[in-house]
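Spelled out from the first residue to the last, the chains are:
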Amino acid sequence: MFALNAANAYSAARSAVAPDPQSSTTAKLGQAAEEFAAQMAQVDQASTGAMTGQVGTHQLVQTIADAQMAMETVVAIRDKVVEAYQEILRIPV
């Protein structure tokens, strides 16, 4: 009987902590990841264009500066997530 109650409790709790793909936070994170990937693709295109002479130096520098800002943002978010995870690990059970 206890095993059945534990299984039911686990099933109920699992849905409470599972990410909801319909949630706005999950959607925003997915959209941010897609935008970051697009930014990195632009850097690749600008770099290739600069090597072939199709893209000017100014545009290349601007694209790299934008990519650097995007990378710093992603790293800052990652650091906050790791910090939050470490804080959760410190919580006594």
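The structure this text deals with has already been given above.
Residues numbered from 1 in each chain as written. Predicted model: local features only at pLDDT ≥ 70, side-chain atom pairs only at ≥ 80, totals over all residues. Heavy atoms only, no water.

## With respect to the overall build of the protein chain
- Looking only at helices and strands, the protein chain has 3 helices and 0 strands in total.
- Going from the N terminus to the C terminus, the protein chain shows its helices and strands as α-α-α.
- Taking all 93 residues of the protein chain together, the buried fraction comes to 10%.
- When the accessible surface of the protein chain is split by element, carbon and sulfur atoms take 63% of a total near 7900 Å². (Helix = DSSP H or I, 4+ residues; strand = E, 2+ residues; numbered from the N terminus. Buried < 20%, exposed > 50% of the residue type's maximum accessible area, 1.4 Å probe, protein only. Areas by Shrake-Rupley, 256 points an atom, 1.4 Å probe, with all protein chains shown as cover.)

## Concerning the layout of surface pockets
- The space that makes up the largest pocket amounts to roughly 270 Å³.
- Of all elements in the fold, only α2 (24–52) and α3 (57–90) reach the threshold of two or more residues within the lining of the largest pocket.
- Here the lining of the largest pocket takes 5 residues from α2, the largest share from any one element.
- Looking at the lining of the largest pocket residue by residue, the class counts come to 7 nonpolar, 1 polar and 1 charged. (1 Å grid on protein atoms, 1.4 Å probe; cavity = no way out; pocket = protein on both sides within 12 Å on 5 of 7 lines; lining within 4 Å. Points joined across faces, edges and corners; volume = space filled by probe spheres on them. Nonpolar A, V, L, I, M, F, W, Y, C, P; charged D, E, K, R; others polar.)

## Looking at α2
- Along its 29 residues, α2 runs 42 Å from first to last C-alpha, staying within 8% of the 42 Å computed at 1.5 Å per residue.
- When we look at burial in α2, the residues that qualify are Gln39, Val43, Ala46 and Gly49.
- Close packing links the buried residues of α2 with α3.
- A positive phi of about 85° marks Gly53, the residue just after α2. (Expected span 1.5 Å × (residues − 1). Contact = heavy atoms within 4.5 Å.)

## Structural notes on the packing of α2 against α3
- For the pair α2 and α3, the least separation of the axes is 9 Å and the interaxial angle reads 155°. The angle between α2 and α3 falls in the class roughly antiparallel. Helix-helix and strand crossings are classified by hand; for α2 and α3 the assignment is left-handed. Contacts between α2 and α3 involve Phe36, Gln39, Met40, Gln42, Val43, Ala46, Ser47 and Ala50 from the former and Leu60, Thr63, Asp66, Ala67, Ala70, Met71 and Val74 from the latter.
- When its residues are assigned to classes, the contact of α2 with α3 shows 10 nonpolar, 4 polar and 1 charged. (Axes fitted to C-alpha atoms, helices over the stretch in contact; angles between N-to-C directions. Parallel < 35°, antiparallel > 145°, perpendicular 65-115°, else oblique. Left-handed = near helix turned anticlockwise from the far one by under 90°.)

## Comments concerning the pattern of salt bridges
- Taken as a whole, this structure holds 2 salt bridges when the rule is applied.
- Measuring nitrogen to oxygen at the nearest pair gives 2.7 Å for the salt bridge that ties Asp79 to Arg78.
- Its salt-bridge partner being Arg90, residue Glu87 comes within 2.7 Å of it at the nearest N-O pair. Here Glu87 and its partner Arg90 are both found in helix α3, 3 residues apart, which amounts to about one turn of the helix. (Salt bridge = Lys/Arg side-chain N within 4 Å of Asp/Glu carboxyl O.)

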